[in-house]
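Coordinate inspection notes
For reference, the chains in residue letters:
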Amino acid sequence: YIDFFRYGGIPCASVVVTRRCLGEKRFDETLTAVEDRHMWIRLLACERCDPERITEPLAIYSQRDNSVSSDINNMYHNEKQVITDVTETFDELSEYRSEAFARADYKLGKRHLKANQATKARQALKKSIHAGAEDNRVYLLLILAYLPLPPGRSLAILERIQARIR
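Here the structure is a predicted model, which means the values were calculated and not measured.

Quick look at the overall build of the protein chain
Helix and strand counts for the protein chain stand at eight helices and zero strands. For the protein chain, the succession of helices and strands along the chain, N to C, is α-α-α-α-α-α-α-α. Relative to the globule expectation of 15 Å for 166 residues, the C-alpha radius of gyration of the protein chain, 17 Å, shows essentially globular dimensions. Every one of the 166 residues in the protein chain was classed for burial, and the buried ones make up 33%. Summed over all atoms, the accessible surface of the protein chain reaches about 11,000 Å², with 51% contributed by carbon and sulfur.

This is the structure in C-alpha cells:
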C-alpha cells in the first residue's frame, strides 16, 4: 500500500475483491472523485487482503469531457483530501505526504495545460516545485508551459520525451 500510495496504478474497472477482504470497507461517498484510490489504499493496508496482479490489460479507460474526472478542481480537491486522510490514518504513509502533495500539484498543472490554461498550469507546477517535487517531468512541463505552443502540444512533447527516456 505504500508503493501504491506513492506511485498509483490500479484502475477501478479492473479490480476484483473478495467479500472476506472487503469486510466493512466501502467507498467513501463524501468523495466525488478519486474515491477508488482511497479505497485501494485502505484495502491494501488490510491484513486480510493478499493482492494479486494480472499483468495483461483487462479494461480500457476512457474519459469524456463532462465526466467527474474531467473536473480539474474537483479532482485536485478530492486528491488532497485523500492524501490528508490516509496519511493521518496510516503512520507509514506520513513521511510521503509532501511528496504526494507535490505530485497532486504536478497532475493539476498537467490537467490545466491539457485544458489550454497555461497560466494556471504554471502556477500549479511552481507550487509542485516549491513543495519539493523531485521528478524532472515537473520542470520540463513548466518549461513547456511557457512556450507559445498550440493546445495539447506541450503534453504531446512531454509524452514523446518520456517514451524515449524509458
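Focus on the packing of aromatic side chains
Think of a pair of aromatic rings as described by two things: how far the centres are apart, and how the planes are tilted against each other in angle. Evaluation of the coordinates by the stated rule reveals two aromatic pairs. Each ring, one from Tyr 1 and one from Phe 90, has its centre 5.5 Å from the other, and the planes form 55 degrees; the classification is tilted. Remark: Phe 90 occurs in the loop between α4 (72-89) and α5 (97-114) and Tyr 1 occurs in the segment before α1 (2-7); sequence separation between them is 89 residues. For Phe 90, a relative accessible area of 16% gives the class buried. Plain terms: the ring middles of Phe 27 and Trp 40 are 5.8 Å apart, the flat faces sit at 70 degrees to each other, and that makes the pair edge-to-face.

Description of the packing of α5 against helix α6 (residues 118-130)
Between α5 and α6, whose axes approach to 8 Å, the crossing angle comes to 165 degrees. Of the possible angle classes, the one that applies to α5 and α6 is roughly antiparallel. Pair α5 / α6 crosses with left-handed handedness. Two secondary-structure elements touch here, α5 through Ala 102, Asp 105, Tyr 106, Leu 108, Gly 109, His 112 and Leu 113 and α6 through Ala 118, Lys 120, Ala 121, Ala 124, Leu 125, Lys 127 and Ser 128. Here the contact of α5 with α6 is built from residues that sort into eight nonpolar, three polar and three charged.

Here's the deal with the packing of α6 against helix α7 (residues 136-146)
At a minimum axis distance of 9 Å, the contact between α6 and α7 shows a crossing angle of 155 degrees. Overall, the two elements α6 and α7 adopt an arrangement that is roughly antiparallel. Here α6 runs over α7; the crossing is left-handed. Judged by residue contacts, Ala 118, Arg 122, Leu 125, Lys 126, Ser 128 and Ile 129 of α6 engage Val 138, Tyr 139, Leu 141, Leu 142, Ala 145 and Tyr 146 from α7. Per-class residue counts for the contact of α6 with α7 are nine nonpolar, one polar and two charged.

Examining the nonpolar core
Core analysis: the largest hydrophobic core is formed by 25 residues, its most contacted members being Phe 5, Ile 41, Leu 43, Val 86 and Leu 93. Elements with a minimum of two residues in this core: α1, α3 (35-44), α4 and α5.

Some words on the state of the cysteines
Going through the model one piece at a time under the given rule, you end up with one disulfide. Sulfur-sulfur distance for the disulfide between Cys 21 and Cys 49 comes to 1.7 Å. Note on the Cys 21 and Cys 49 pair: the S-S dihedral is about 100 degrees, so by sign convention the disulfide is right-handed. Taken together, the positions of Cys 21 in helix α2 (residues 19-22) and Cys 49 in the loop between α3 and α4 put the pair 28 residues apart, joining distant regions of the chain. The burial state of Cys 21 is the same as that of Cys 49; both residues are buried.

Here we look at the pattern of salt bridges
Counted according to the given criterion, the structure contains four salt bridges. Arg 6 is paired through a salt bridge with Glu 99; the nearest N and O atoms lie 2.8 Å apart. Here the residue Arg 6 occupies a position in helix α1, and Glu 99 occupies one in helix α5, the gap between them amounting to 93 residues. Between Glu 99 and Arg 103 there is a salt bridge, with its nearest N and O atoms 3.7 Å apart.

Rules used in this analysis
Residues numbered from 1 in each chain as written. Predicted model: local features only at pLDDT ≥ 70, side-chain atom pairs only at ≥ 80, totals over all residues. Heavy atoms only, no water. Helix = DSSP H or I, 4+ residues; strand = E, 2+ residues; numbered from the N terminus. Rg over C-alpha atoms; globule rule 2.2 N^0.38 Å. Buried < 20%, exposed > 50% of the residue type's maximum accessible area, 1.4 Å probe, protein only. Areas by Shrake-Rupley, 256 points an atom, 1.4 Å probe, with all protein chains shown as cover. Phe/Tyr/Trp six-rings, centres within 6.5 Å; stacked < 30°, edge-to-face > 60°. Axes fitted to C-alpha atoms, helices over the stretch in contact; angles between N-to-C directions. Parallel < 35°, antiparallel > 145°, perpendicular 65-115°, else oblique. Left-handed = near helix turned anticlockwise from the far one by under 90°. Contact = heavy atoms within 4.5 Å. Nonpolar A, V, L, I, M, F, W, Y, C, P; charged D, E, K, R; others polar. Core = buried A, V, L, I, M, F, W, Y, C linked by side-chain atoms within 4.5 Å. Disulfide = S-S within 2.5 Å. Salt bridge = Lys/Arg side-chain N within 4 Å of Asp/Glu carboxyl O.

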